[in-house]
Amino acid sequence: MTVPRPRTWRRLIAMTTATLTASAGALIATTAPAAAFVPKTPPLTTPWTNQVSTTNPLPEYPRPQLTRPDWQSLNGIWQFAGASNINTPPVNTTLGEEVLVPYPIESALSGIMRHENYMYYRRTFTVPAGWSGRNVNLNFGAVDWQSKVWVNGTLLGTHEGGYDKFSYDVTSALRSGANEVIVGVYDPTDGQDIPVGKQRTNRGGIWYTPSSGIWQTVWLEPTNPARITRLDTTPNVSAGALDLVVQAANASGQAVTAQVLTGGTVVGTATGTVGASLRIPVPNAHLWTPDDPFLYDLRVTLASGDVVGGYFGMRSLGKAMLGGTLRPTLNGKFVFQLGTLDQGYWPDGLYTAPTDAALRFDLEQQKSLGFNMVRKHIKVENDRWFYHADRLGLMVWQDMPALASGREPSAAGRTRYEKELKEMIDEHKGITSIVQWVPFNEGWGEYDAGRIADLVKSWDATRLVNHNSGSNCCDSDPDPGNGDVIDDHMYVGPGITRPPTATRIAVNGEYGGLGLRVPNHEWPTAGKFAYEWLPDTNALTNRYVQITGKLADLISTNGLSGSVYTEPTDVEEELNGFFTYDRQIQKMNFAAVRAVHQRVLGAATGTTLPTGRLASLRVTTPGFTDRYLRHSGGAAVTSVIGAGSSTGDKQDATFWVRPGLSNSACYSFESRNFPGQYLRHRGYRVYREASNGGTFNADATFCARPGLSGGGTSLESANLAGYYLRHRNAEVWMDQNTGGSFTNDATWTVSNPLWRSGADLAVGQNRSFRVTTAGYDNRYLRHRDSLARTDVISASSALADRQDATFTVRAGLADSTCYTFESVNFPGRYLRHANYRVQTATNDNTTTFAQDATFCAQPGLGGGSGNVSLESYNYVGYHWRHYGEAVYIATNGGGNAWDNPGSYAADATWNNAAPLG
C-alpha cells in the first residue's frame, strides 16, 4: 500500500502557519505555544500518526455540502482540565493540561489518553480584521455528549448529542483583540441512557474505548445576519431535476436562487423561497452509480447576499419485484449491495482519523477491493467521510448509534435517542451515497421498533429503512414487520434465515469475522476475538473466498440483495480485518478478494452462474412463478413443481450447471437424472438430448445475460445471437423479442435445486461407508461412544463393531431430497454434526437437529464408481471427512485443522458399501 512519508512531531511543531493552511480563506487561530504540548504514544502507530500537525490538525474545510470562502480553524492545542461538573466555567483561568483538538481525550493523539466524565477545554482566538461588519459563527462538528459553550464568560447554550453538528452566533459576545472560548463537556459514555454506539467504560471484546469530548473540527466563519444553514437535496430522476429545500436563519420567506453546475457551467437554475421546495432542472442527467460516481455542483444565493456552495449526485432509490424477487433498486436497476461493517476506529485517534488522507484511505481500499457499499456501524462520521463516499461511489447504510445494550432504555433515554435520530437524518438528507437507514442493531437498546421504523420513513421516504439489522439474533425484540428490509446476521455465514417478501428485501447484515493474528500489529491487550481463526494469510484468503463465493448462490436461490462482511480493519481486540488495526499489514491476498467480489456481483447481474452445482430454473413471469423448466419425454417444458411433487418431477427439473460445451465463458445444463444429456435447441425448440455431433455443443451452450425483465438471468443462445431461452404455452423455445410478455418469459431465476442430491442412495437400506484414501481403504466410518471415527473393520470383526459401522439410509429429516443416517444398533439415534464433529444423537425434534442430521449425497469428490461425498445440508461446501481417525464436516482449506486441503478430495469420498452388520 502507499502511505504518507512520516514526519516527526518536532518538525511539525516548527512548521509555519502559512505552510499548514489548507485552502483559500482558511486561517489559523491564535493558540498556546505548541512546544508545551507533548503527545502520548499510541498503542499502535498508523502510517499517518506522525503526519498530525499540532498547530493545525485536520486543516481541510470541514463542511463540503455547505461551503463559504472564509473560515478559521480552531483545531489545535487547547488548555484542558478534568472537572466535577460543567456549571462553573474557568473564565480567565489557566488550565493545567493541554489537549490537541479535535481528537477525543481517550486517544493518544489528544495528549490526554484517559477518560473523564466532566471536562473543560479553553483557548483564545482573534477574529480577523477582514471580517468586520459580519456576524461570526462558532461551529462544532461533534462533541460527545453534552456541552456548554462560553465566549468571554457569556454562556451561548447547551447542546446534547454526540454525533451531530451545532453552531452559535457569537457576535454579541465578542470583543476586540483576544477572545476566550470555554467548552465544558459531560460524557458518561454508557453510564447513562444516551446514544453511545460501541463505546464502553469497561471496554473489551466487541466493545471499544470511549471517545469523549470534542472529536470533530471546531471552526469560525463570518456570515451575513441572514444565512443559509442547510441544503436538503433530493434528486428527482423521473422529473429530470433536483428538488431542494433551503434552510436558513433570520431569513424567513426570503427569496433564494439555486444553480446546478458541472465543470463550472450552469446547467439549471430555479428560484423560490427559504423553507419551500424548489425544483431545479438537470437536463440529460448524468446518473450517479458506484461504477460512475458523477457529482454536480450546486450554488445557492439568498436575496440578502449569502452565497454557499454544495454538490449532489443524481440517482433514484427504491425497491421493485425483479425476476420474481423483491430487490433494492438504484436508478431502477438491481445492484447487489456488497459491503463491509466499517466501525470507524483508529488506534491513535479512536473516533477521529489522524488525517483526512487516513480517513479517505479506508474508503479507497474498500472500493479497490471491489466493494460497492459500506455499512457505517453505529457511528456517524464527519462530513468529509461522506464526501469521500459520494466521490468514490460507495453506497452507505447509515446506522444510528445505539443506546447501551442489555438494558431497557429509560423514558429519558428514548427521548434522547429519537431526538438524535432525527438530527442524524436531517443533517444527512443531502448525502448521495446513503441508501439505507438502520435505527437499531441486534436489538441493542431496541424499543418500539415498528414505530421507530415508520417514524424514520416519515422523515425520509426516499431511502429504505432497515428497522433492526440482525433482527434474527441477540437482544432483538420480535420482528414487527415494518420497514423495507429483513436483515439476518450469520457468523461465520453467509446466509439468511428468512426469504424476501412482497414488501421487504432480504440482506445478510453481518457475516464473516474471520480472524488472523499478526504479531506486533495488535492492540496490546488480552482477549483477542474472532468468529473463526485462520493460521496464515493463504488460509484466511482461501476461507474468505470460499464463504464469500456462497453469496452468488444466495443471490439467485434465496433472494439475497445485500451483504456486510465483518470487517475492513481489526479494531482493538477484534482481529477480523482485511488490514491490521494500524493499517500497516494486508492480511489477505487482495487480488483473490477482488476476483470473488467480481464473481458475486456478476451473479447479481445474472451473468455468473454456479458451475459444478445443481440448480433449477424457475419462471419469473408474474402469475407463473410456481413453474420450473423440466424435461418430459425429452422436450423441455415448464410445470408446476412444489414440495409435494414426485421424485421424478423434481429430478427432471434439476440440472448440473456446467461450463459451456462450446464456450467455457457460457453455460450448459446437464440433466441430473440423465447424465451426459443436456438442454439443447433443435429447430428452435429446446430438448434434453445426448450429443449427436455436428452443432450439438453450440446448440447446448447458453450465455448468461442480465435478466431482460430487470432481474434474474436471461440465457442467450451461443449460436443464435439475439435468441433467448423462453417459455410460451408451457413449451420452451429459443425466441427473439416478440414484445408482450417476452422479457418476463425469457428471464429465469437460477434457484436452489429442487433435488439437492446429485447421487442416489437407497432409502430404507442398510449401508456402510468405506474410506477411499489410498493406504486407509480398509477403514470404515463407525460410531464409538457416540462419536464418529474410522476403524479397520472386516467380516471377522466383532458384531458390535460391524453394527457400529452400519447405518440405515433414511429420507433427510430437513429435506427429503437428501439423506439422514440412523444407527442400526441404536435405533432412533442419527449421525449429525455438532461443532463440526460428526456423532450420533437422539432426535430432539428441533429444526437445528433436523438440519445437522441431513446430508446431501453428491458424486465422489475423488471420483470412482460407487463412491459418494456427503455434503452438510446447512453448511454447504462441508462434507464428511476423516482426519486423524475422527470424522468431521470439513471444507477444503477452511479454518480448522480438519479442513487441511491435503488429500481433502480423497478423505471426503466414501465408498457406498454393502452393510457390515
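Definitions and limits used
- Residues numbered from 1 in each chain as written.
- Predicted model: local features only at pLDDT ≥ 70, side-chain atom pairs only at ≥ 80, totals over all residues.
- Heavy atoms only, no water.
- Helix = DSSP H or I, 4+ residues; strand = E, 2+ residues; numbered from the N terminus.
- Rg over C-alpha atoms; globule rule 2.2 N^0.38 Å.
- Contact = heavy atoms within 4.5 Å.
- Areas by Shrake-Rupley, 256 points an atom, 1.4 Å probe, with all protein chains shown as cover.
- Core = buried A, V, L, I, M, F, W, Y, C linked by side-chain atoms within 4.5 Å.
- Buried < 20%, exposed > 50% of the residue type's maximum accessible area, 1.4 Å probe, protein only.
- Disulfide = S-S within 2.5 Å.
- Pairing = 2+ DSSP bridges.
- Salt bridge = Lys/Arg side-chain N within 4 Å of Asp/Glu carboxyl O.
- pLDDT = per-residue confidence, 0-100.
- Polar contact = N/O pair within 3.5 Å; in protein donor to acceptor, adjacent residues only side chain to side chain.
- Axes fitted to C-alpha atoms, helices over the stretch in contact; angles between N-to-C directions.
- Phe/Tyr/Trp six-rings, centres within 6.5 Å; stacked < 30°, edge-to-face > 60°.
- Lys NZ or Arg CZ within 6 Å of the ring centre and 35° of its normal.
- Left-handed = near helix turned anticlockwise from the far one by under 90°.
- Nonpolar A, V, L, I, M, F, W, Y, C, P; charged D, E, K, R; others polar.

**Some points on the overall build of the protein chain**
- Counting its secondary structure elements, the protein chain contains 14 helices and 59 strands.
- Over its C-alpha trace the protein chain gives a radius of gyration of 31 Å, about what one expects of a compact globule, namely 29 Å for 917 residues.
- Projected onto the principal axes, the alpha-carbon positions of the protein chain cover approximately 100 × 65 × 50 Å.
- Across the protein chain, every contact between residues at least 6 apart in sequence was considered, and the portion connecting residues at least 24 apart equals 64%.
- If you sum the accessible surface of the protein chain, you get close to 31700 Å²; carbon and sulfur atoms cover 49% of it.

**With respect to the nonpolar core**
- Of all hydrophobic cores here, the largest spans 76 residues; its most connected members are Leu421, Tyr544 and Phe578.
- Contact partners of leucine 421, with chain neighbours within four places excluded, come to Met400, Ile452, Val456 and Trp459.
- Core analysis: the second largest hydrophobic core is formed by 27 residues, Leu74, Trp131, Tyr168 and Leu220 among them.

**What about the state of the cysteines?**
- Within this structure, the stated rule accounts for 3 disulfides.
- One disulfide in the model links cysteine 666 with cysteine 703; its S-S distance is 2.0 Å. With the S-S bond torsion at 80°, the cross-link from cysteine 666 to cysteine 703 turns out right-handed. Of this pair, cysteine 666 sits in the loop between strand E39 (655-659) and strand E40 (667-671) while cysteine 703 sits in strand E43 (residues 702-706); the two residues are 37 residues apart in sequence, bridging distant segments of the chain.

**Concerning helix H4 (residues 383-392)**
- Buried residues dominate H4, accounting for 8 of its 10 residues.
- Where H4 is concerned, the buried positions are Asp383, Arg384, Trp385, Phe386, His388, Ala389, Asp390 and Leu392.
- Among the structural elements, strand E20 (307-312), strand E24 (337-342), helix H3 (356-368), strand E25 (373-376), strand E26 (395-399) and strand E27 (434-438) are those in contact with the buried residues of H4.
- Of the residues trailing H4, glycine 393 is marked for its positive phi of about 85°.

**Points about the pairing of strand E48 (residues 766-771)**
- Of the strand pairs in this sheet, E48 and strand E51 (residues 807-811) are connected by 2 bridges, and their pairing is antiparallel. For arginine 767, the partnering residue across the bridge sits in E51 and is phenylalanine 807.
- As paired elements, E48 and strand E59 (residues 910-913) share 4 bridges and run antiparallel to each other. The residue of E59 that forms the bridge with arginine 770 is asparagine 911.

**Describing the pattern of salt bridges**
- The tally for this structure, following the rule as stated, stands at 63 salt bridges.
- Taking the shortest distance from any N to any O, the salt bridge between aspartate 243 and arginine 279 comes out at 2.7 Å. Separated by 36 residues along the polypeptide, aspartate 243 in strand E15 (residues 241-249) and arginine 279 in strand E18 (residues 277-281) bring together distant segments of the chain.
- Arginine 279 gets classed as partly exposed once you look at its relative accessible area, which sits at 48%.
- Here arginine 680 and glutamate 689 are joined by a salt bridge, their closest N and O atoms 2.8 Å apart.

**Here's the deal with the confidence of the model for the protein chain**
- Per-residue confidence for the protein chain averages 94 on the pLDDT scale, and 96% of its residues sit at or above 70.
- The model gives residues 1-35 a pLDDT under 50, and that stretch makes 78 contacts with residues more than four places away or in other chains.

**Thoughts on the side chain of glutamine 254**
- By secondary structure assignment, the location of glutamine 254 is in the loop between E15 and strand E16 (255-262).
- A polar contact is formed between the side chain of glutamine 254 and the side chain of serine 304, at a distance of 2.5 Å.
- Leaving out residues up to four positions away in the same chain, glutamine 254 has contacts with Ala226, Gly272, Thr273, Val274, Leu302, Ala303 and Ser304.

**Regarding the sheet that holds E25**
- Pairing is parallel in the open sheet, where 8 strands are placed in the order E29-E27-E26-E25-E24-E35-E32-E31. This sheet does not close on itself; its edge strands, each paired only once, are strand E29 (464-465) and strand E31 (485-490).
- Where E31 and strand E32 (residues 505-512) come together, 6 bridges link them in parallel fashion. If you follow isoleucine 486 over to E32, its bridge partner there is alanine 506.
- The strands touched by H4 are E24, E25, E26 and E27; relative to E26, the strand with the most contacts, the crossing angle is about 150°.

**A look at the sheet that holds E20**
- Taken together, the 4 strands give an open sheet; going across it, the order is E17-E16-E19-E20, and neighbouring strands pair in antiparallel fashion. The sheet terminates laterally at strand E17 (265-273) and E20, the two strands that pair on one side only. For this sheet, the mean angle separating the axes of adjacent strands, direction not counted, is 20°.
- One ladder, built from 6 bridges, connects strand E19 (residues 296-302) with E20; its direction is antiparallel. Across the sheet, the residue bridging to valine 300 is valine 308, located in E20.

**Re the packing of aromatic side chains**
- This structure, assessed with the given rule, holds 50 aromatic pairs.
- Note on tyrosine 208 and tyrosine 345: the rings are 4.8 Å apart at their centroids and 75° apart in plane angle, and the pair reads as edge-to-face. With tyrosine 208 in the loop between strand E11 (178-186) and strand E12 (213-214) and tyrosine 345 in the loop between E24 and H3, this residue pair connects regions lying 137 residues apart in the sequence. Each member of the pair tyrosine 208 and tyrosine 345 is classed as buried.
- Note on phenylalanine 371 and phenylalanine 578: the rings are 5.7 Å apart at their centroids and 65° apart in plane angle, and the pair reads as edge-to-face. Here the residue phenylalanine 371 occupies a position in the loop between H3 and E25, and phenylalanine 578 occupies one in the loop between strand E35 (560-566) and helix H8 (590-604), the gap between them amounting to 207 residues. For the pair phenylalanine 371 and phenylalanine 578, a shared accessibility class is recorded, and that class is buried.
- Joined through ring pairs, the aromatic side chains of Trp48, Trp346, Phe361, Phe371, Tyr511, Tyr544, Tyr565, Phe578, Phe579 and Phe590 make up one cluster.
- One cation-aromatic arrangement involves arginine 682 over tyrosine 687; the distance from NZ or CZ to the ring centre is 4.2 Å.
- The ring of tryptophan 733 has arginine 728 lying over it, and the distance from NZ or CZ to the ring centre is 4.4 Å.

**Observations concerning the packing of helix H5 (residues 411-427) against helix H6 (residues 449-459)**
- One can describe the packing of H5 onto H6 by two numbers: an axis separation of 10 Å at closest approach and a directional angle of 30°. Crossing of H5 against H6: the hand is right-handed. Between H5, through Tyr417, Glu418, Leu421, Lys422 and Ile425, and H6, the contact on the second element is made entirely by Arg451, Ile452, Leu455, Val456 and Trp459.
- Of the residues that constitute the contact of H5 with H6, the class distribution is 7 nonpolar, no polar and 3 charged.

**What to know about the pairing of strand E54 (residues 837-842)**
- Sheet analysis places strand E53 (residues 829-834) next to E54, joined by 6 bridges and oriented antiparallel. Residue alanine 834 lies in a different strand from E54, and its bridge partner there is arginine 837.
- Remark: 2 residues form the turn of the hairpin made by E53 and E54, two consecutive strands paired antiparallel; asparagine 835 in that turn has positive phi of roughly 55°.

**Observations concerning unusual backbone geometry**
- Residue tryptophan 145 is reached from aspartate 144 by a cis peptide bond, and omega for that bond is 10°.
- With respect to the element layout, tryptophan 145 can be found in the loop between strand E7 (143-144) and strand E8 (146-151).
- Here the residue pair tyrosine 491 and valine 492 is connected by a cis peptide bond, since its omega of 5° sits within 30 degrees of zero.
- With respect to the element layout, valine 492 can be found in the loop between E31 and E32.
- Positive phi is not limited to glycine here, since asparagine 331 has a value of about 55°.
- At tyrosine 836, a position not held by glycine, the phi torsion is positive, near 75°.
- For tyrosine 836, the position within the fold is in the loop between E53 and E54.

**Side note on the side chain of arginine 779**
- Among the structural elements, arginine 779 can be located in strand E49 (residues 779-784).
- Here arginine 779 falls in the buried class, since its relative accessible area comes to 13%.
- A polar contact of 2.5 Å, which involves the side chain of arginine 779, links it to the backbone oxygen of threonine 790.

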